[in-house]
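# Working through the structure, step by step
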Amino acid sequence: MTTTSIGQTLPPQNPGAVAVDPSAIKVSRGQAISAMVMPIALLLIVGFFAVASSGNYLSAQNLSQLAIELSITAVLALGMLLVILPGHIDLSAGSGVGLIGGIAAVLITSHGWPAWAAMAAGTAAGLLIWWGMGMIIIKERVPAFIITLSGLLIFRGLHLLVIKNSTVPIVPGGQSNIYSLLTTYRLSPMVGLILTAVIGVILITVAIAQRRSSGTPGHGETMLMRAIVISQCVLLLVLICNGNGGLPLPVVILGTVTVATWFLTRHTPFGRYLYAIGGNEEAAIVSGLPVHAITVGAFAIMGLLTALTGFLQTAYTGSSTTTIGNLMELDAVAACVIGGTSLRGGRGTVGGVLLGSLIIAALLNGMGLLGVSPEKKLIARGTVLALAVWADVRLRKQ
Amino acid sequence: MVQASDAPARGARPVLEALNLVKRFPGVVALKGVSFDLAPGEVHALCGENGAGKSTLIKTLSGVHPAGSYEGQILVDGQVVNFASTKDAQRAGIAVIYQELALVPEMTVAENIFLGSEPRRLGGLAIDWERVYSQSQVLLEQFKLSIDPTAKVQYLGIGHRQLVEIAKALSKKTKVLILDEPTAALTEQEVAVLLGIIRDLRSRGISLIYISHKLDEVFAIADRITVLRDGQSIVTLDAKKTNQNEVIKHMVGREITDLFPRRQGTLGDDRLVVKGLTVKDADGQEILSDISFHVRSGEVLGIGGLMGAGRTELLMHLFGALGKRVAGEVILDGKPLRAGTKPSESVRRGLVLVSEDRKRYGLVLDQSIGFNLSLSSLGPVSRGHRVMGMIDARHETRRNRELFDSLRVKAPTMETRVGTLSGGNQQKIVLGKALMTGPKVVFLDEPTRGIDVGAKLEVYELINRLTAEGMAVVLVSSEMPELMGMSDRILILAEGRVGGEFEKSEATQEKLLAAAMGRAKVRAGEAAEH
């Protein structure tokens, strides 16, 4: 009501006079270049491993394996994105993955709980613990770095206590339950194809609807192109996986988490507020945003996704071991940063994080395939992270 | 270009001269042919709206834009110079004091003055701290700056920090000092001190380029005035032979008849009532004492006072962002606003704040215009839930577009990053964001600070629209003419208390100033007796 009456009384704007800060143009050019660096890096990594493994890397079997590993890395990284956007960080995620996967395994194996109940309990624990950490960070004003660093140590200790320093299987006696099926279940090829068709139809319908309603010329076309490209990627993935028994369930889970996170960051006030808090927390407060509730909410979602990753990673290994989740928090942070997320908050996208996760997963998988020793794996991971951040900083400066 | 004045003042060879400077950025020509000369011992003011090219000109003259990146010539003492960096310019005796000061708060005054050029001893191995402090002392005394060289900069007020910057520049044998909006954050007293120092520097033969939106100051200090508009030097005027209206006319390219177009609204009920408000800060210090006032629908209540009188603190506290209420009552639109209200609740209740520090409290600079405009009012355009629901993008864009157009924001599109806009346009975005919430009471803290004349007028027009629509406006301003021109009633704060309240008809500059200084004088008297 206010806006329209102002609009009526003031003369229309003069579109001719435009004041632009020239540095803005330079920045966007730098961003355009840096947007190309990571896809090229990915191609180089894939090309290298394809040659070095004499083609094994690109076999249907390895690629569907890679898809599962990508799903595990990316689910945690997407949670990390939600925490980094408002300017925080979660160093406890890796230990959390181990702890919650372990709790569920112990409840099943030692206490005879049904798998669904054990996983529900693990999920509840994740939600509660991360909500609690969020509350401490906000209310007591202790930096997230410190609180989650404590979490890293505490959860690792708890995990070892819970599994009594041993290996706890997630299924008693070689059968299967929904816990183990998390990573072993594959959609039948026909279901995979039908799912692909449904996704394609939805994407293209939405894009066409957008094109009709969008005011800006070219926007609708871009949307349509993007919808077609995404549909083709999904189709390619399904076809590859169908060559090796069908689409793995983790990929479907990742798809769901991706869509949910994308929707949250792009289409809800919650997502906008995450960017606003990370971009300028004081301005967010004065703008009347519920800054505390939003930040705690982001941590709670991180707890949920940590629990989910805990189940996936533990199921992938088959049992809860003492090393599960080791360094996974750093892979998640690295995936975010490689994907263009700013550690100071306020900048980062779901697409970028997926790309970052893919680079990490492709690298780890390739090194595993070539039988690279764990020592060298660590060095390679560190180098890639440093290179990615350096390239990002360098390109943004230009 | 019109050359209205004669040869450079005092007839001497210019110490600094720009000939037909053209500076291009990708997509934009920032300078389209600027010529300008600075005589020895002259104060030469540069005037122009934001985006007129003043900043680019300074950056070109001081080596930020290196030789080769612009066309035209820069001459120092008649010789063409090609600065590769700001260091070259400093060696040639050109120093710039920017709006955002470049001091290290944790260091002392003397450490800052000699930062990077500390006198050495033991063959250059160690800093000669004695000389750092003694030379600083001499320098500060020489220019009559009453600052303790051993004081840490973080404990100095903004006015003193500026003087430290000037002392730092003078320590480097500067002959041309460029001041970019030096008084934007100063009180009237501090401005007077600064102008005195500038006159002193001039009498010592230093040439100054003075950039300010405040024409009163320009006319108080400048010998000549060059007006820039749209990247061109429009005219150079002799300050004694011209007047403010002529300068403004050149700046905006049109006549401005009334600088303060306040139109009285129809007064309605009380929108905000404050009774006996006393507030303590986080350290337990009483920052506001026994403050009472009220604002009615359709009314502009101006709040004046010296720097540190508690004006900003009052607004921030009422909004819920500062301090703890220990006594008093606040009634917003007929219902009590209880102590400890959060900003999010204030906004929901119809109370919005436009802060004096728009970059810190107003904007997410990295984000687009559209993002910032709708940030405070996403709830109403979301389906399902206020926070977790889905934003109706079309509705949001349409609403943003209406405001973007009506505020006449000068930007290519609504996707433009807010950080790249000029001060005036940024201020419009902050105002737009506040108005989009449909407020009942609007707090404006220095809404025209650092923005150009044209944008100021638009802000004033906006204030008129708000009151015409029945909103109550509380306007804090350090500029007396603005306070008197735009307020229907004026409340003066002095040291956290009400120093006086005046109807528009009875307010004079003298009365307001006396009220603002009233308690300060009493205190000084008390102190003298002890």
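If you're wondering where the values come from, they're calculated on a predicted model, not measured in any experiment. The numbers attached to residues start from 1 for each chain and follow its sequence in the written order. Just so you know, chain letters begin at A and ligand numbers begin at 1, following the order they were written in. Per-residue local features of the predicted model are confined to residues with pLDDT of at least 70, and side-chain atom pairs are confined, for both listing and counting, to 80 or more; whole-chain, interface and lining totals are unaffected and use all residues. Hydrogens and waters are ignored; side-chain quantities use all the structure's heavy atoms.

### A closer look at the environment of Arg91 of chain B
Residue and element names in this part refer to chain B. For the purposes of this entry, the term helix denotes a DSSP run of H or I that reaches at least four residues, the term strand denotes a run of E that reaches at least two, and both are numbered from the N terminus. You can see Arg91 is positioned in helix α2 (residues 86–91). Given the relative accessible area of 65%, Arg91 is considered exposed. Distance from Arg91 to Lys173, taken between C-alpha atoms, is 8.5 Å for residues 82 residues apart in sequence. The rule is simple: take the accessible area with a 1.4 Å probe, protein chains only, and divide by the maximum for that residue type; under 20% is buried, over 50% is exposed, in between is partly exposed.

### What to know about the pairing of strand β23 (residues 472–476) of chain B
All names here are of chain B. Extensive coverage of β23 is indicated by the burial of 5 of its 5 residues. Burial along β23 is two-sided: Ala472, Val474 and Val476 facing one way and Val473 and Leu475 facing the other are all buried. The pairing of strand β16 (residues 300–305) with β23 spans 4 bridges and is classified as parallel. In the sheet register, Leu301 faces β23, and the bridge partner there is Val474. Where strand β22 (residues 441–445) lies against β23, 5 bridges are found, and the strand directions are parallel. Along β23, the bridge assignment pairs Leu444 with Leu475. In this region the chain leaves β22, passes through helix α15 (residues 453–468) and returns to the parallel neighbour β23; the handedness of that crossover is right-handed. A pair of strands is considered paired only if DSSP assigns at least 2 bridges between the two. Assignment of crossover handedness uses the view with strands pointing away from the viewer, where a clockwise path from the first strand over the helix to the second indicates a right-handed crossover.

### Structural notes on unusual backbone geometry
Backbone geometry places Asp77 of chain B, a non-glycine residue, at a positive phi of 50 degrees. Along the chain, Asp77 of chain B falls in the loop between β5 (70–76) and β6 (79–81).

### Concerning the sheet that holds strand β15 (residues 286–296) of chain B
Sheets are built from strands paired through backbone hydrogen bonds, the pairs being either parallel or antiparallel. Residues and elements named next belong to chain B. Taking strand neighbours across the sheet as the criterion, the 4 strands line up as β15-β14-β17-β18 in an open arrangement whose pairing is antiparallel. The sheet is open, and its two edges are formed by β15 and β18 (335–336), each paired on a single side. Sheet topology note: the strand β14 (residues 270–280)/β15 ladder contains 7 bridges and is antiparallel. The partner of Leu272 across the bridge, within β15, is Val295.

### A closer look at helix α14 (residues 423–435) of chain B
Given a helix with a known number of residues, its expected span is that number minus one, times 1.5 Å. When the terminal C-alpha atoms of α14 of chain B are compared, their 18 Å separation across 13 residues agrees well with the 18 Å that a helix rising 1.5 Å per residue should span. Within α14 of chain B, 13 of the 13 residues are buried, which leaves the element mostly enclosed by the surrounding structure.

### Description of the packing of helix α5 (residues 115–139) of chain A against helix α6 (residues 144–162) of chain A
Think of two packed helices as two axes; the pair is described by the angle between the axes and how far apart they sit. Residues and elements named next belong to chain A. Note on definitions: angles span 0 to 180 degrees between N-to-C directions of axes, and those axes are lines fitted to C-alpha atoms, for helices only across the stretch in contact. At their nearest, the axes of α5 and α6 sit 9 Å apart, and the two run at 145 degrees to each other. Crossing of α5 against α6: the hand is right-handed. Where α5 approaches α6, its residues Ile129, Trp130, Met133, Ile136 and Ile137 are matched on the opposing element by Ala144, Ile147, Thr148 and Phe155. Residue classes in the contact of α5 with α6 are distributed as 8 nonpolar, 1 polar and no charged. Here is the rule for handedness: rotate from the far helix to the near one, and if that takes an anticlockwise turn smaller than a right angle the crossing is left-handed, while a clockwise turn gives right-handed. Contact between two residues is taken to exist if any of their heavy atoms lie within 4.5 Å; hydrogens are not considered. Charged residues are taken to be Asp, Glu, Lys and Arg, nonpolar residues to be Ala, Val, Leu, Ile, Met, Phe, Trp, Tyr, Cys and Pro, and polar residues to be all remaining types, Gly included.

### What to know about the sheet that holds strand β25 (residues 497–503) of chain B
All names here are of chain B. Pairing is mixed in the open sheet, where 6 strands are placed in the order β19-β22-β23-β16-β24-β25. One side of each edge strand has no neighbouring strand; the edge strands of this open sheet are β19 (351–354) and β25. Strand-to-strand, the axes of this sheet are offset by a mean angle of 20 degrees, without reference to chain direction. Set on the sheet, α14 makes contact with β19 and β22; between it and β19 the angle comes to about 175 degrees.

### Examining the packing of aromatic side chains
Residue and element names in this part refer to chain A. Only Phe, Tyr and Trp rings take part, Trp by its six-membered ring, and two of them pair if their centres are within 6.5 Å. Stacked means planes under 30 degrees apart, edge-to-face means over 60, and tilted covers everything else. The full count for this structure, using the stated rule, is 6 aromatic pairs over all chains. Centre to centre, the rings of Trp130 and Phe155 are 5.4 Å apart; their planes meet at 40 degrees, and the pair counts as tilted. On the criterion of sequence distance, the pair formed by Trp130 in helix α5 and Phe155 in helix α6 is long-range, its members being 25 residues apart. On the accessibility criterion, Trp130 (0% relative accessible area) is buried. Taking relative accessible area as the criterion, Phe155 reaches 7% and is therefore assigned buried. Ring geometry for Tyr179 versus Phe311: centroids 5.7 Å apart, planes at 85 degrees, classification edge-to-face. One end of the pair, Tyr179, is in helix α7 (residues 178–184); the other, Phe311, is in helix α13 (residues 291–317), and 132 residues separate them in sequence. A single burial state applies to Tyr179 and to Phe311, both of which are buried. Through successive ring pairs, a cluster of aromatic residues spans Phe48, Phe49 and Tyr57.

### A look at the side chain of Ser287 of chain A
Within the secondary structure, Ser287 of chain A is located in the loop between α12 (281–286) and α13. Filtering out sequence-adjacent residues up to four positions away, Ser287 of chain A remains in contact with Val347, Gly362, Leu375, Ser376 and Lys433 of chain B.

### A short note on the nonpolar core
Nine residue types can take part in a nonpolar core, namely buried Ala, Val, Leu, Ile, Met, Phe, Trp, Tyr and Cys, and a core is a set of them joined through side-chain atoms within 4.5 Å. Formed by 96 residues in total, the largest nonpolar core has its most connected members in Met80, Tyr179, Leu182, Phe270 and Phe311 of chain A. Among the elements that take part in this core, helix α3 (residues 60–84) of chain A stands out by supplying 15 residues, more than any other. Excluding anything up to four places from it in sequence, Leu182 of chain A contacts Met119, Leu249, Pro250, Ile253, Phe311, Leu312 and Ala315 of chain A. Within the second largest apolar cluster, 36 residues are counted, among which are Ile97, Leu139, Val164 and Ala169 of chain B.

### Section: the pattern of salt bridges
All names here are of chain B. A pairing counts as a salt bridge when a side-chain nitrogen of Lys or Arg comes within 4 Å of a carboxyl oxygen of Asp or Glu. Within the structure shown, the criterion is met by 25 salt bridges over all chains. The partner of Arg131 in a salt bridge is Asp128, with the nearest N and O atoms 3.5 Å apart. By relative accessible area, Arg131 is classed as partly exposed at 37%. Exposure remark for Asp128: the relative accessible area of 12% places this residue in the buried category. Arg449 is the partner of Glu446 in a salt bridge, and the nearest nitrogen-oxygen pair spans 3.7 Å. By the burial criterion, Glu446 is buried, and Arg449 matches it. Here the salt bridges share partners, and the residues they tie into one network are Asp37, Glu42 and Arg224.

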